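# Structural overview
Next come the chains, spelled out residue by residue.
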Amino acid sequence: MDLVALEEIKRVKYRYLRCVDMKLWDDVADTLAPEAVADYGTPAKGKPLQLDGREAIVGFLRENLENALITTHFASQPELEIDGDTAAGTWAFEDKVISVEHGVLIAGAAFYEDRYRRCEDGQWRITHTGYTRTYEYTASLKDLPSLKFTANRWARS
Amino acid sequence: MDLVALEEIKRVKYRYLRCVDMKLWDDVADTLAPEAVADYGTPAKGKPLQLDGREAIVGFLRENLENALITTHFASQPELEIDGDTAAGTWAFEDKVISVEHGVLIAGAAFYEDRYRRCEDGQWRITHTGYTRTYEYTASLKDLPSLKFTANRWARS
Amino acid sequence: MDLVALEEIKRVKYRYLRCVDMKLWDDVADTLAPEAVADYGTPAKGKPLQLDGREAIVGFLRENLENALITTHFASQPELEIDGDTAAGTWAFEDKVISVEHGVLIAGAAFYEDRYRRCEDGQWRITHTGYTRTYEYTASLKDLPSLKFTANRWARS
């Protein structure tokens, strides 16, 4: 069992997730192989999303997760199999998208099914990321009239 | 510190959790030793559950987590001690059970206290799993009139 | 890559989180170096908290997370860098504070930025823990009139 590669693959996934939530788009790009494909099984926008190539993935994220949106992408439970310089595996996943401005919450859970490749520079990167939803819902924050945000990193000043 | 065994034990726990949520009952069974005992500290059904033996555990899960129920079992923070071919440890845990049909949510948190054994075939399996609840609540989804499911892997067609 | 040290550092963080939620204050103290500093970016009480020294941190937690409060501190996604006997890194983090008595929920997410030190006794301990909130909200449980607690480890008898 290649424990160092396992740790490196977990790290690139954690970096991807953190940098999506922190809107660090250049860092997100560096976690993806150029040929990376994303199948985000998120029907909130009407149909699941298929994005082909690092540029398309980062461009989509940059465009849609604009500054005023709060997102949390929380993954755990890695079950990874390494085969030389490629790897594949699953992760449990829970996420939230909150628009304070529009008073909307989207939340759900899934199991990621990812693939990875050790690139020419020795770094593991994501070549495929995707999931089928266990569930997803949307709700209006108006259903919770007492709810008050006490912190919002992305609040427009 | 036996890092390979640590990774293998984490893997069997992650597989158990994923396969419960994915309703893959034969795979759940393969994560349990034949003599496994479960003490699920879930009072929602009236009293904590004690299940004796792999067949009883899988039978209970199969019967109760019928297709229409959404579940998420999310564990992290393993603190595991290995002693030869046995191991024990704790995990932080959050779970949800959602019945879209009945408009009910059960949610809570706990710390798992598990024991494991390396079986004759070399695979680590769970010999005891259990938890005392930190908290658990039930709520009706009718309290959130705007809530709308946009995905449900287990929806009856 | 020092995989044993990585596992030890994860373990001390998990122990800190578990023992905060379990109100095991002496065990929390043992996860902190004497000179530890905490910057809890939790504005719910009016302003972020800065606590200087192990005694101040444990004293604050002991005083504020009194028995009747339910807390969950859930961290995952460690990205840790070790440099000899010191280390630093980030964690994704979600937490809840529930006062059943007052019918209040505080919930949020953040990324921890921690530092660690291998102490004279060979144990890794936290020297700095802190986070900036991604978001935090407070809400009254009265907005969910059907909500009923079926378990509460800290209920006053």
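## Comments concerning the relation of the copies chain A and chain C
The two copies are related by a screw motion: chain A maps onto chain C through a turn of 120° and a shift of 0.0 Å along the axis, at an RMSD of 0.0 Å. With respect to symmetry, the two chain copies, as superposed, fit the operation of a three-fold axis. In terms of C-alpha distance to the rotation axis, chain A has Ser76 of chain A as its closest residue, with the C-alpha 3.8 Å off the axis. A share of only 19% of the interface residues of chain A reappears at the interface of chain C, consistent with the copies meeting through non-equivalent patches.

## Points about the interface of chain B and chain A
Listed as interface residues are 32 residues of chain B and, on the opposing side, 30 residues of chain A. Carbon and sulfur atoms make up 59% of the surface buried where chain B meets chain A, a total of about 2600 Å² over both sides. Taken together, the connections running from chain B to chain A amount to four salt bridges. One salt bridge connects Lys10 of chain A with Glu7 of chain B, and the closest N-O pair in it is separated by 3.0 Å. Where chain B meets chain A, there are 13 residue pairs in polar contact (both at pLDDT 80 or more). Residue composition of the side of chain B that touches chain A, by class: 15 nonpolar, seven polar and 10 charged. In this sheet, strand β7 (residues 148–152) of chain B lies alongside strand β6 (residues 124–140) of chain A in antiparallel orientation, the contact comprising four bridges. Paired with Thr138 of chain A across the strands is Lys148 of chain B, a residue of β7 of chain B.

## Side note on the packing of helix α1 (residues 3–21) of chain A against helix α1 (residues 3–21) of chain C
At a minimum axis distance of 11 Å, the contact between α1 of chain A and α1 of chain C shows a crossing angle of 45°. One finds that α1 of chain A runs oblique with respect to α1 of chain C. For the pair α1 of chain A and α1 of chain C, contact is made by Leu3, Val4 and Glu7 of chain A and by Leu3, Leu6 and Lys10 of chain C, respectively. Class assignment of the residues belonging to the contact of α1 of chain A with α1 of chain C gives a composition of four nonpolar, no polar and two charged.

## Digging into the relation of the copies chain B and chain A
Rotating chain B by 120° and moving it 0.0 Å along the rotation axis overlays it on chain A with an RMSD of 0.0 Å. When the interface residues of chain B are mapped onto chain A, a mere 19% of them again lie at the interface, so each copy presents a different face.

Rules of the game
- Residues numbered from 1 in each chain as written.
- Chains lettered and ligands numbered in written order.
- Predicted model: local features only at pLDDT ≥ 70, side-chain atom pairs only at ≥ 80, totals over all residues.
- Heavy atoms only, no water.
- Least-squares fit on C-alpha atoms with pLDDT ≥ 70 in both.
- Contact = heavy atoms within 4.5 Å.
- Buried area = accessible area lost by both parts, 1.4 Å probe.
- Salt bridge = Lys/Arg side-chain N within 4 Å of Asp/Glu carboxyl O.
- Polar contact = N/O pair within 3.5 Å; in protein donor to acceptor, adjacent residues only side chain to side chain.
- Nonpolar A, V, L, I, M, F, W, Y, C, P; charged D, E, K, R; others polar.
- Pairing = 2+ DSSP bridges.
- Helix = DSSP H or I, 4+ residues; strand = E, 2+ residues; numbered from the N terminus.
- Axes fitted to C-alpha atoms, helices over the stretch in contact; angles between N-to-C directions.
- Parallel < 35°, antiparallel > 145°, perpendicular 65-115°, else oblique.

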